[in-house]
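Each chain, letter by letter, is given below.
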Amino acid sequence: TLERVEQTARQALPTWLARIPHGQEARYGFDTRAAFSQAHIATALPVLTMNEEDSGLQASRQWRVPVLVSGRARVWLTVIRKNGEYRSVAIGAAQLAREVDQVIRDDRRAGGSSTSIRWSLLRLYAQRCDLLYAHSTSPDTATSPFKALTSASRELGVPQGTRISH
């Protein structure tokens with residue numbers, strides 16, 4: 001599934017970049033249009049939501065795919081799965097893309113996660129905020145699964161970057 005999401009994003013990237021209005025590059029995380037030629041996609045983040053009935057996590061059939069230039073996230077492409085098909089439906093959220101990229105980098109640098117951690121974006125629509133969700137692909141890796149982003153800090157009063165357990 002992740003491969004198909006990333007393939008969809010990779011194929012759609014040139015079209016989305018071409019749609020960015022001249023003079024609006026900074027709004028999408030780019031210094032200049034020349035940076036478009038260096039843009040490539042990174043590992044997609046599945047978007048999770050909270051199941052209202054049992055407060056469990058559920059997949060949303062949406063992914064945020066970071067667009068990188070010089071190894072840094074600039075903006076996200078949104079890919080959805082509908083009727084069995086994957087489609088890229090939006091480009092945007094440059095500020096959130098940069099924040100998530102930096103949080104993951106800082107976490108790795110501090111030894112809080114490794115390549116055995118797969119990250120997802122937990123979107124809490126009712127609270128209008130996002131958290132990062134770390135799930136380990138290795139039974140030897142112990143980590144607090146949630147990490148507060150700026151919106152969670154603002155809406156929930158949780159200090160930004162705080163790790164939160166179940």
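Presented here is an overview of the structure given in this document. Fair warning: this is a prediction, and the values are worked out from it, not measured in the lab.

Analysis parameters
- Residues numbered from 1 in each chain as written.
- Predicted model: local features only at pLDDT ≥ 70, side-chain atom pairs only at ≥ 80, totals over all residues.
- Heavy atoms only, no water.
- Helix = DSSP H or I, 4+ residues; strand = E, 2+ residues; numbered from the N terminus.
- Expected span 1.5 Å × (residues − 1).
- Buried < 20%, exposed > 50% of the residue type's maximum accessible area, 1.4 Å probe, protein only.
- Pairing = 2+ DSSP bridges.
- Core = buried A, V, L, I, M, F, W, Y, C linked by side-chain atoms within 4.5 Å.
- Contact = heavy atoms within 4.5 Å.
- Salt bridge = Lys/Arg side-chain N within 4 Å of Asp/Glu carboxyl O.

**As for helix α2 (residues 94-109)**
End to end, α2 covers 22 Å across 16 residues, agreeing with the expected 22 Å (1.5 Å per residue, within 8%). Those residues of α2 that sit buried are A94, L96, A97, E99, V100, D101, V103, I104 and D107.

**Digging into the pairing of strand β2 (residues 45-50)**
Taken together, the five bridges between β2 and strand β3 (residues 57-69) define a ladder with antiparallel strand orientation. Bridged to T49 within β3 is Q58. Alignment of β2 against strand β6 (residues 117-124), held across two bridges, turns out to be parallel. From the neighbouring strand, V47 faces β6, where its bridge partner is L121.

**What to know about the nonpolar core**
In terms of nonpolar packing, the biggest core is built from 24 residues, with L17, F30, V65, L77 and I91 touching the most fellow members. Sorting the residues of this core by element identifies α1 (2-19), β3, β4 (72-82) and β5 (85-92) as the ones contributing at least two each. The greatest single-element share of this core, amounting to six residues, is contributed by α1. Those residues in contact with L17 that lie beyond four places of it in its chain are F30, R33, F36, A39 and I91.

**Things to note about the pattern of salt bridges**
Here the structure, examined in full by the defined rule, presents six salt bridges. In this structure, E25 and R33 form a salt bridge, with 2.8 Å as the shortest nitrogen-oxygen distance. E25 gets classed as buried once you look at its relative accessible area, which sits at 10%. D101 serves as the salt-bridge partner of R105, at 3.1 Å between the closest nitrogen and oxygen. One end of the pair, R105, and the other, D101, are both in helix α2, four residues apart, so they sit about a helical turn from each other. Under the relative-accessibility criterion, D101 is labelled buried at 16%. Salt bridges sharing common partners tie together R128, R154 and E155.

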